[in-house]
Amino acid sequence: MKKFIHDFQIISNRRINKEYFVLSLASENQIPEIKPGQFVQVRVDNAPNTFLRRPISVYDVDYERNILYLLIQIVGEGTMILSKLKSGEILNLVYPLGNSFSLPDGEKALLIGGGVGVAPLLLLGRWLKEQNKEPVFLFGFRNSGLLVDIDLFNRFGKVYIATDDGSTGEKGVVTQHSFLRNVSGDIGMVYTCGPEVMMKAVALWAENNDIPCEASLETNMACGIGACLCCAQETVHGISHVCTDGPVFNSKELVW
Amino acid sequence: MKKFIHDFQIISNRRINKEYFVLSLASENQIPEIKPGQFVQVRVDNAPNTFLRRPISVYDVDYERNILYLLIQIVGEGTMILSKLKSGEILNLVYPLGNSFSLPDGEKALLIGGGVGVAPLLLLGRWLKEQNKEPVFLFGFRNSGLLVDIDLFNRFGKVYIATDDGSTGEKGVVTQHSFLRNVSGDIGMVYTCGPEVMMKAVALWAENNDIPCEASLETNMACGIGACLCCAQETVHGISHVCTDGPVFNSKELVW
Amino acid sequence: MVNLSVNIGNLHLKNPVTTASGCFGYGTEYEDFIDLGKLGAIFVKGTTGSKREGNPSPRMVETSSGMLNSVGLQNKGVDYFISDIYPEIQHYNTHIIVNVSGSTIEEYVMVAEKLNDLEKIPAIELNISCPNVKEGGMVFGTHCPSAIEVTTAVRKVYNKTLIVKLSPNVTSISEFARAVEGAGADAVSLINTLLGMAIDAEKQKPVLATVTGGLSGPAVKPVALRMVWEVCNSVKIPVIGIGGIMNVTDAIEFILAGATAIQIGTANFIDPCVTVKVINGIEDYLVDKDITDVNDLVGALKIAH
Amino acid sequence: MVNLSVNIGNLHLKNPVTTASGCFGYGTEYEDFIDLGKLGAIFVKGTTGSKREGNPSPRMVETSSGMLNSVGLQNKGVDYFISDIYPEIQHYNTHIIVNVSGSTIEEYVMVAEKLNDLEKIPAIELNISCPNVKEGGMVFGTHCPSAIEVTTAVRKVYNKTLIVKLSPNVTSISEFARAVEGAGADAVSLINTLLGMAIDAEKQKPVLATVTGGLSGPAVKPVALRMVWEVCNSVKIPVIGIGGIMNVTDAIEFILAGATAIQIGTANFIDPCVTVKVINGIEDYLVDKDITDVNDLVGALKIAH
Ligand SMILES: Cc1cc2nc3c(=O)[nH]c(=O)nc-3n(C[C@H](O)[C@H](O)[C@H](O)COP(=O)(O)OP(=O)(O)OC[C@H]3O[C@@H](n4cnc5c(N)ncnc54)[C@H](O)[C@@H]3O)c2cc1C
Ligand SMILES: Cc1cc2nc3c(=O)[nH]c(=O)nc-3n(C[C@H](O)[C@H](O)[C@H](O)COP(=O)(O)OP(=O)(O)OC[C@H]3O[C@@H](n4cnc5c(N)ncnc54)[C@H](O)[C@@H]3O)c2cc1C
Ligand SMILES: Cc1cc2nc3c(=O)[nH]c(=O)nc-3n(C[C@H](O)[C@H](O)[C@H](O)COP(=O)(O)O)c2cc1C
Ligand SMILES: Cc1cc2nc3c(=O)[nH]c(=O)nc-3n(C[C@H](O)[C@H](O)[C@H](O)COP(=O)(O)O)c2cc1C
Ligand code: FES
Ligand code: FES
C-alpha cells in the first residue's frame, strides 16, 4: 500500500475523559483506504523529548467527509502536547502504516480491548459489520470515569464492560467477565488490543477455547516504515517488526 | 538587589508590527523595584532549541497595577514561541537582573535606540522624567512598518526618527540625523541600545562631542546571574560580565 | 546553474546528500515519499558475512533531542543481499553503497570480496564502529592497530571506492582517520553513534535489552561537527560528515567544516522527505551566496587567527 | 523518615545532591533563590595557581538540548580565593569543595597544598578534564600516565578527600577511573563536558571564539549515564555522577547506575531552584518505593542476565 505524508487540519479535539481525547483531522488530500489495525505516525512539534513521531492507531475514518479520527490517551509529554491542540492547528501524519486484522472464519467475532487499546477496534467493528459479520465488544477499563465512546461501538455490535472497581459493568478484568464463560462455539476470531498482560490472558483463553486470536502490539518505534529495525518482536519465525509485519500478529506466532 | 523567580500571567500579547510584540505580565507577588536597563530571564517552554532562558530588557513597569511590560522582536525559535503566547498563559521570570543606567550630569539626556534596542529606553525615559531631567529620544528603524509605540515615548520627551528608507522621519541611520548636527552643549549623557555597529557609531559621536555615553550590550547568556561566566565582554579593566557588570557600560570602558 | 556534484575518491556523486546506513533501509522504504534518483547516494544497511538476528527488544528509546538504538546489525547476510536485494535495487538512479560489518577480519574481507563483483555497487563503507555488537565492529574502531589491519586486508581485495566509517568513542578520532588513510581508505565517514544508556527510574531497569546503545540525532551534532572538523584538518582524503543533520543549515555547517558529502540518518524518521529538502536547500544557499560550485564551500569555514 | 545522607570517602554529605563546578559560581549567586544549607555540597569554580582571564567572547552557544561553553577556567587564582572568597563563603551550612585546575603538575600541587590548610574545605575535585584551555587540564584527562602522575603528586600533599573529575573524551573512561583509584583518589566524578563545536552557517564562522567548546545539558545525559555505569562497575571508590541532570528522575537514574552522589550543572541556569526540587524529589521517591536509605538505591539497577 502506498504511504503518504500529509498535513491534516484539526477539526475538533474532543475530550472524552480525564485521560482520553479524540482528534478529528481533515485533509485536503483524499484519504487513502485505511484497513482496520493500521496506524499513523504523528509528528509532535516543539518538544525536546518528543523528537520522534508517535504511532497512533486509526480510530475511525469518514471517507465521505475525508476525516480521520484518533483516540489518544495522555501518558507522557507527546500525548500531553497533542491533547492541547486546538481546531485549526496542523498535524503532520505519515500513513497508513502496518498490516491489518484479518476476516474471521465464522459469523461472530469477539473484540476484546483494554483502556486506550479499544482504539483500533472501532474501525475493525465497522469493517466486520460491513463484511456481514457480527462483532461483539468486550472492554476493560480501570473505572467508569475512563469509559470510551461506548455508543459509537454500539452501532456495530453489543458492548460488554468490565471495570477494575465494578463502577460500570462487571467487576474485574476482561478475562474474568461472565460473557466469556457463556460463549458457544460460534466465535470465529478473537481480536485484542490493550496492555500486554491483558492480551496474553486473552490469547490464552482463546487458545484454550480453540479460537484463533489476533493481537495488536505496541513497541517503541522510530521510523514506522520498516527502515530502522527498531521495533523488533520475537516470533516463532524469528525477529519480526511491529511496524511492517505487525502491529497485528496471530497470537500463536508470538514469543512473548 | 534581591532577585526573584516568579510565575507571571500573560495579561495581553499586543502585536505592534510584523516583527515586534509587547507582553504585559501580571504577578501575584509584588513586583520589586526595577531600575532602567535591568532585564529579566524568560523561560521558554517546550522547544528543543530554546533550552536556556532568554534575556529581555524591562520595557516598562506599572507598580500600581503590578504589571511588567516586555517589548520583544521575533528573531528565532524562542522569540517566535513567545510571540504566540496567549493571555492567561504563564511565563516564568528570573529578575531583576543586571546593573542600570546612571543619572546624567546636566538637564538634558539623549536616548538613542535602534530597532528593538528602544526597549530599555522607555523605562529609562520615565525615570529621567521623574528625576526632573529632560529626555530626548532619537530612534532608528529599518522602515515605517517597524515603528514602535512612539506615543508612549512621547509622554516623556520629544522623539526624532530616522528610517533606512526615509518612510518615516529622516532617511538614513541615526548618527546621520540632523538633530545631532544641531545639539548644543547641554546634553549631559547619551544612552544607547541597539545593533552594535549603531552603538559604536553613537559612542564615537558622543566622544567627539565630549558627552559621556552609556551603552546597553547584548551577549549570549546562560545563567544571567553571574554564575557561569559565559557573558564575557572585554573592557579596559579586563573581562567583565554583561549580566552582572552590565548590561550597561560606559562606552569608554569598552574594548569593542 | 550551480554545481552540486562532488567526488569521493573515484566516485562521482550528483550532490553531497546521502543517507546514513541503518536509517534508510534499502531505499525502497522511502520510495513512496521521495524520488530516490535525486540522492547523491544511498548507504544501505550494515551487511555481514552471514545472517544476524540482531539484539532483543526493546531496541530503541528516545532521549533529549536524540535516540538510542541497539538494533545490532540485524541483516540477512551478504549472500541474501546479492541474491535477493541487489536485483531489486540496482535499477535506482543513484549510487548504492553497502555498509559492511563483521566480527573478524576474515568476515570483512569475505563480504568486501563478494561485493566487489557487483557492477552497480561502486563503493563500500567499512563499519568499524558499531557499538551494538559484542564481538567485532567496535573493537576495530577503538583500537588503532586493528583498524589498520582490517582496512589493509579489505583494501587488498576491494578495488572500488573504500570508505571507512569511524567511531566517535575514542580519545583521538584523527589518529584513526590518519591510520586508515595510510592503510588505503579512499575516504572516511564519521561519526557513528556515541555509546549511551537509558534507565527507567520507575522500573529500576535499563530501557534497552542490551543496556547500552548508540546515540544519534541533533543531540550529538556538536560532537560530530567538532570531530569532522578535526579529521578534515588531519587527512587529505575526502570526509563524509554524519551526525544529527536535521536540515539544510546543519548540512551546510558540516560542509563548511570540511565534509565533501554528508549522510542523513535519524532525521529521515521524523521527515521522510528531509533529504530532498536538504538538496534543494543547499542549492538555494549557494545561489543566495553567489557560489557556483559546492566544492568551493567545502572547508570554507573562516577561522580568525 | 528516610536517610538521604551518603559518604564520599571520609566526607559525609547530608544528601547526594551537589552543584557542578563552573555552574554555580561560589554559591552566593544562588542565595536569593534557595537555602544553600540544604545542599549536599557546593563544588565551586575551577581554581588555578594564578589569575586567568578565560577565553575571548563569544563563550557560549546553545545547541539542541544542550549548550557549548568555552569559559576557559576564568578565575582570580587560589590566593585570591583564600583571601577574598573563602572568608565570605565559609559560613555556609554545607560543604564547599574546590575544583582545582592547572597547566602543570606543580600548579595542581601548589593549589592543593594551599587548600589543604583551609578548615572549611573538606575536599577538592581535581579537574583533569577541562576541554577549554590549551595547555593542561584536558591533557591530564586524556593521557592515562599523566592522570596517574598528577593524582599521585596531589595525593602526597593533600590529606583530605580527593575527588578526581574525569573527561568523557576518551576511549575508555574506566581505564582512567581505575588508574586514579590506584593513584590514591578517594572518589571520581564524571563526566566533564564533551568536546563539541558550533558553526554559524550564515557568517561561515565558528560561533565560539575558541572554535570548540564543552557540551553539557540533557543532550549528553545518555553518554554520561553510560560512563557512570561503566565506571561504577570498574572501581571500588564512590562515583559522583554528572551530566544533563535536569530533574529528580534523571538524578535517580544516575544513582541507580551506581553514583553515590550527583552534581547538577547546566540545569541551574534554567531553574535556579532545581537542586532543592531534586532533593525533595529523591525523598518522595524513596518514600514512594518504601526505601528507607538512599544508599540502598545506589547501584540498584536490575540487569537481566
Ligand atoms: C502501533 C501502535 C499503535 C498505537 N495506537 C495508539 C492509540 O491509538 N492511542 C494511544 O493513545 N496510544 C497508542 N499507541 C501508544 C502511543 O504511541 C504512546 O502512548 C505514545 O507514543 C506515548 O508518547 P508520549 O510522548 O506521550 O509518552 P512518552 O513520554 O514517550 O512515554 C510515556 C510512557 O509511555 C511509554 N511509551 C512510550 N511510547 C510507547 C509506545 N510506542 N508503546 C508503548 N509504550 C510507550 C513509555 O515507556 C513511558 O512509560 C500506539 C502505539 C503503537 C506502537
Ligand atoms: C541584556 C539583554 C537584553 C535584551 N533585551 C531584549 C529586548 O528587550 N527585546 C528583545 O527582543 N530582545 C532583547 N535581547 C535579545 C534577546 O535576548 C534575543 O533576541 C533572544 O534571546 C533570541 O532568542 P531566539 O530563540 O528567538 O533566537 P535564537 O534562535 O536563539 O537566535 C536567533 C538569532 O539571534 C541571535 N541571538 C540569540 N540570542 C542573542 C542574544 N542574547 N544577543 C544577541 N543576539 C542573539 C542568534 O545569534 C541568532 O542569529 C536582549 C539581550 C540581552 C543580552
Ligand atoms: C536505527 C539505527 C541503525 C543504525 N545502523 C547502522 C548500521 O547498520 N551501520 C552503521 O555504520 N551505522 C548505523 N547507524 C548509525 C548511522 O548510520 C549514523 O552514523 C548515526 O545515526 C548518526 O547520524 P544521525 O544523527 O544523522 O542519525 C544506525 C543508526 C540508527 C539510528
Ligand atoms: C559554563 C560552564 C562552566 C564550567 N566550568 C567548569 C569548571 O570550571 N571546572 C570543571 O571541572 N567543570 C566545569 N564545567 C563542567 C560542569 O561542571 C559539568 O561537568 C558539566 O557541565 C556536565 O554537567 P551538566 O550537564 O549538569 O551541566 C563547566 C560547565 C559549564 C556549563
Ligand atoms: S519502527 Fe523502524 S522498522 Fe519499525
Ligand atoms: S550569563 Fe552567566 S555569568 Fe553572565
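Refer to the structure presented above.
Residues numbered from 1 in each chain as written. Chains lettered and ligands numbered in written order. Predicted model: local features only at pLDDT ≥ 70, side-chain atom pairs only at ≥ 80, totals over all residues. Heavy atoms only, no water.

Undergrad: I would appreciate a short explanation of the pairing of strand β13 (residues 213-216) of chain B in the present structure.
TA: Successive side chains on a regular strand alternate, one facing one side of the sheet and the next facing the other. All names here are of chain B. Here β13 shows a buried face lined by C213 and A215 and a second buried face lined by E214 and S216. Relative to β13, strand β12 (residues 187-193) runs parallel, the two sharing four bridges. Paired with V190 across the bridge in β13 is C213. Handedness of the crossover is the feature at issue here: the chain leaves β12, passes through helix α5 (residues 196-208), returns alongside β13, and the resulting connection is right-handed. Two elements, β13 and strand β16 (residues 248-250), share three bridges in a ladder whose sense is antiparallel. Pairing of A215 across the sheet is with F249, part of β16. (Buried < 20%, exposed > 50% of the residue type's maximum accessible area, 1.4 Å probe, protein only. Helix = DSSP H or I, 4+ residues; strand = E, 2+ residues; numbered from the N terminus. Pairing = 2+ DSSP bridges. Right-handed = clockwise from strand over helix to strand, strands pointing away.)

Undergrad: Can you help me understand the sheet that holds strand β6 (residues 67-73) of chain B in this one?
TA: Within a beta sheet, neighbouring strands are joined by backbone hydrogen bonds and run either parallel or antiparallel to one another. Residue and element names in this part refer to chain B. Overall, antiparallel pairing links the seven strands, which are arranged β4-β3-β7-β1-β2-β6-β5 in an open sheet. A strand with exactly one partner marks an edge of an open sheet, and here the two such strands are β4 (54-57) and β5 (60-62). Strand after strand, the sheet turns through a mean of 35° between neighbouring axes, direction not considered. As judged from the seven bridges shared by strand β2 (residues 20-27) and β6, these two strands associate in the antiparallel manner. (Axes fitted to C-alpha atoms, helices over the stretch in contact; angles between N-to-C directions.)

Undergrad: Would you mind going over the site of ligand 3 with me for this structure?
TA: Ligand 3 sits among 23 residues. The nearest are S21, K165, G217, G244 and T266 of chain C. Flanking ligand 3 are residues from chains A and C. The side chain of K165 of chain C places a nitrogen or oxygen atom 2.7 Å from an oxygen atom of ligand 3. The residue inventory of the shell around ligand 3, partitioned by class, reads eight nonpolar, 14 polar and one charged. (Near = heavy atom within 4 Å. Polar contact = N/O pair within 3.5 Å; in protein donor to acceptor, adjacent residues only side chain to side chain. Nonpolar A, V, L, I, M, F, W, Y, C, P; charged D, E, K, R; others polar.)

Undergrad: So what exactly am I meant to see when it comes to the interface of chain D and chain C here?
TA: Interface size is commonly expressed as the accessible surface area that is lost when the partners come together. Counting residues at the interface gives 44 residues for chain D and 44 residues for chain C. Here chain D meets chain C over a buried area of about 3600 Å², counting both sides, of which 64% is carbon and sulfur. Put simply, chain D and chain C have two salt bridges between them. As a salt-bridge pair, K289 of chain D and E202 of chain C come within 2.4 Å of each other at their nearest N and O atoms. Applying the counting rule to chain D against chain C returns 14 residue pairs in polar contact (both at pLDDT 80 or more). Taken together, the elements giving at least two residues each to the side of chain D that touches chain C come down to β11 (194-197), β13 (205-206), β14 (212-216), α6 (221-232) and α7 (248-257) of chain D. Considering each element in turn, the side of chain D that touches chain C owes the most residues, six residues, to α6 of chain D. The class makeup of the residues in the side of chain D that touches chain C is 26 nonpolar, 10 polar and eight charged. (Contact = heavy atoms within 4.5 Å. Buried area = accessible area lost by both parts, 1.4 Å probe. Salt bridge = Lys/Arg side-chain N within 4 Å of Asp/Glu carboxyl O.)

Undergrad: Any chance you could explain the relation of the copies chain D and chain C here in plain terms?
TA: Applying a rotation about an axis and a shift along it to one chain copy brings it onto the other copy. With an RMSD of 0.0 Å, the fit of chain D onto chain C corresponds to turning through 180° and sliding 0.0 Å along the axis. Within this description, the copies of the chain are treated as partners about a two-fold rotation axis. The fraction of interface residues of chain D whose copies in chain C are also interface residues reaches 100%, indicating that both copies meet through the same surface. (Least-squares fit on C-alpha atoms with pLDDT ≥ 70 in both.)

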